[in-house]
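Spelled out from the first residue to the last, the chains are:
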Amino acid sequence: MASHLHADRSSPQPPDRGTLDALITQARTLRGGLDAVRRGAGRSGSEGGEPDPGVSGADPRTRWQRALCELAVHQLDDLGSQLDQLREGMPPEAPRAWPSADQPPGKATAETSGAAYGTAVSPGKGPASELVGRVGSAEWNLLTDAVSWSPELYRIFGRTAEDGPLSLDELPSWVVPEDQTSLTTAFTGCLVDGRAIDQEFRLVRPDGAARTVHMVGEPVLDDVGGTASMWAVVRDVSELRRSEHAVRETRDSLQHERHIAQTERRLAVELQEAVLPPWRGSLRFPHGDERTTGALDLAAHYLPSASSALIGGDWYDAMELPDGATLLTAGDLTGHGVTATSGMAMLLGAVRGMALAGVKPGALMGHLNQLLDSSAQPSLGSALCCRYEPRSCTLTWAQAGHPPPLLFRDGVGRVLRRPEGVLLGVTSGATYGQRTEQLEPGDLLVLHTDGLAPDDAPGTPPGRTTGEGAPRQSALHAGSVRMLGLAPRFGAAGSAQECVRAVAEEFADREREDDACVLVARVTL
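Everything quoted here is computed from the prediction, not taken from an experiment.

**Description of the packing of helix α6 (residues 238–275) against helix α7 (residues 338–356)**
Moving on, step 1. Running from amino to carboxyl end, α6 crosses α7 at an angle of 15 degrees, the nearest separation of the two axes being 9 Å. Between α6 and α7, the angle is such that the two are roughly parallel. Where α6 crosses over α7, the two elements pack in a sense that is left-handed. Along the contact surface, α6 presents E264, L267, A268, L271, Q272 and V275, while α7 presents V338, T341, S342, M344, A345, L348 and R352.

What follows is the structure, given as structure tokens:
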């Protein structure tokens, strides 16, 4: 039985795979075109071939274009990776190593540097509008001590043109202490050893705001191979880092919830298997009864939900009682998972105990209602309890908001008239009636839970028949109607197990939102 608290909520739908495939194809096409643009930007600074990044022939505009191309490459690489993850539907078990937002980033590696440029261009906005205020450039001339900053870089550092730019000696003092050493080492490697800079660090602006920036820079060599100046492109990646931190947290949360769900399902399955009868094939009650008529040929089947991996609180059972009678029961508790299966185990244990003590079906339902009403975890449940007397072939039964049994005789099926009985746990002190049905050799009795037949369909009043002579009842479950349609197959079946197999085949194509149980009892001839 699906929980009454969530009956009106639909599950979230995944993104359309065709749309994602189209976006991934477009991203790859853009990536290939960008490579051509990047090669063109590199050739513009030299007469032929690929230019050396350290030569002075590349003017500031060419260096800016090349840096922007590198930024765009990182953006598209990360966009493609994120679209791939979105298409898969869940975060990977071993995600890429993004730098932590609360730890020193250090030098960006080949695995993490691309993540610094993971913000895709918004629809309707060009690169200029997206990058303004977030990407600035600078050049430090080592021969004249002149420093040139772009207006965007002033905004990133929270300075004005009147404040002037920062020298290479002053810049580390603006960086948080944890990042100062790595930044100084990167500057030394660039100026002394001619290595390019690809460094991320955190700075503190005059207003106290902390920002995370990514710097890409190169030395500019003079004619004799010495370092004449250093240029750099600086991007403010603070918002991106915060977004990545949020993604990381939600990814970890999803993986934790997935682990909990898998563990809960395993426990629920183990509990269900420990409680439900481990039947394989047909069972005959009473055991060892050599009579040719009156005994029961029994078989049962559990049908899992087609739309949920969680285990519900459905149960079925058949048990021989000390006085020779047979207990037949089926029921369902709201909810899914360990809570539902543990509650089901409690109720089924109570049913077995009271039936062994000789409690009649109607009174038994009243005790079950009291038990569920006083439970520490209130919930709702439905139940059906039948007591079959093999000597007289009589069936005495009671129900609590549960679909009534279906009786098949001479190739025709009908729904037994329900006695009074509300759902378990609805109200304290509820009373439950019981009815007695006279069975005949060859009759087939089917008990099922409402997951098999969740919907009601109007029918004709009890006692009336269809044109073919098949009795109909009011408020028939949709699944009950389909079950009644199996009457010819049930009539031709040689055992209860063959009838269960017919039920499983009939409902195999149904997209059940809940799990269900079916119990078939055939009075032997």
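**Some thoughts on the packing of α7 against helix α8 (residues 361–373)**
Moving on, step 1. In contact at an axis separation of 10 Å, α7 and α8 are set at 145 degrees when each is read in the N-to-C sense. In terms of crossing hand, the pair formed by α7 and α8 is right-handed. Across the interface between the two elements, M346, L347, A350, V351, M354 and A355 from α7 touch L364, H367, L368, L371 and L372 from α8.
Moving on, step 2. For the contact of α7 with α8, the per-class residue count stands at ten nonpolar, one polar and no charged.

**Considering the environment of V176**
Moving on, step 1. Structurally, the position occupied by V176 is in the loop between α4 (151–157) and α5 (177–193).
Moving on, step 2. If we skip the residues at most four places from it in the chain, V176 touches R202 and V204.

**Here we look at the pattern of salt bridges**
Moving on, step 1. Applying the stated criterion across every chain, the model contains 17 salt bridges.
Moving on, step 2. We note a salt bridge from R352 to D317, for which the minimum N-O separation is 2.6 Å. Placement of R352 in helix α7 and of D317 in strand β8 (residues 315–320) is noted, with a sequence separation of 35 residues between them.
Moving on, step 3. Since its relative accessible area comes to 3%, D317 is described here as buried.

**Focus on the sheet that holds β8**
Moving on, step 1. The five strands lie next to each other as β8-β9-β10-β11-β14, forming an open sheet whose pairing is antiparallel. Two strands in the sheet have a free side with no partner beyond their single neighbour: β8 and β14 (435–438). Each adjacent strand pair in this sheet contributes to an overall mean axis angle of 15 degrees, direction not counted.
Moving on, step 2. Bridge count between strand β11 (residues 394–400) and β14: four bridges; the pairing is antiparallel. Residue pairing across strands places L395 opposite E437, the latter belonging to β14.

Here is what the cut-offs are and how they apply
- Residues numbered from 1 in each chain as written.
- Predicted model: local features only at pLDDT ≥ 70, side-chain atom pairs only at ≥ 80, totals over all residues.
- Heavy atoms only, no water.
- Axes fitted to C-alpha atoms, helices over the stretch in contact; angles between N-to-C directions.
- Helix = DSSP H or I, 4+ residues; strand = E, 2+ residues; numbered from the N terminus.
- Parallel < 35°, antiparallel > 145°, perpendicular 65-115°, else oblique.
- Left-handed = near helix turned anticlockwise from the far one by under 90°.
- Contact = heavy atoms within 4.5 Å.
- Nonpolar A, V, L, I, M, F, W, Y, C, P; charged D, E, K, R; others polar.
- Salt bridge = Lys/Arg side-chain N within 4 Å of Asp/Glu carboxyl O.
- Buried < 20%, exposed > 50% of the residue type's maximum accessible area, 1.4 Å probe, protein only.
- Pairing = 2+ DSSP bridges.

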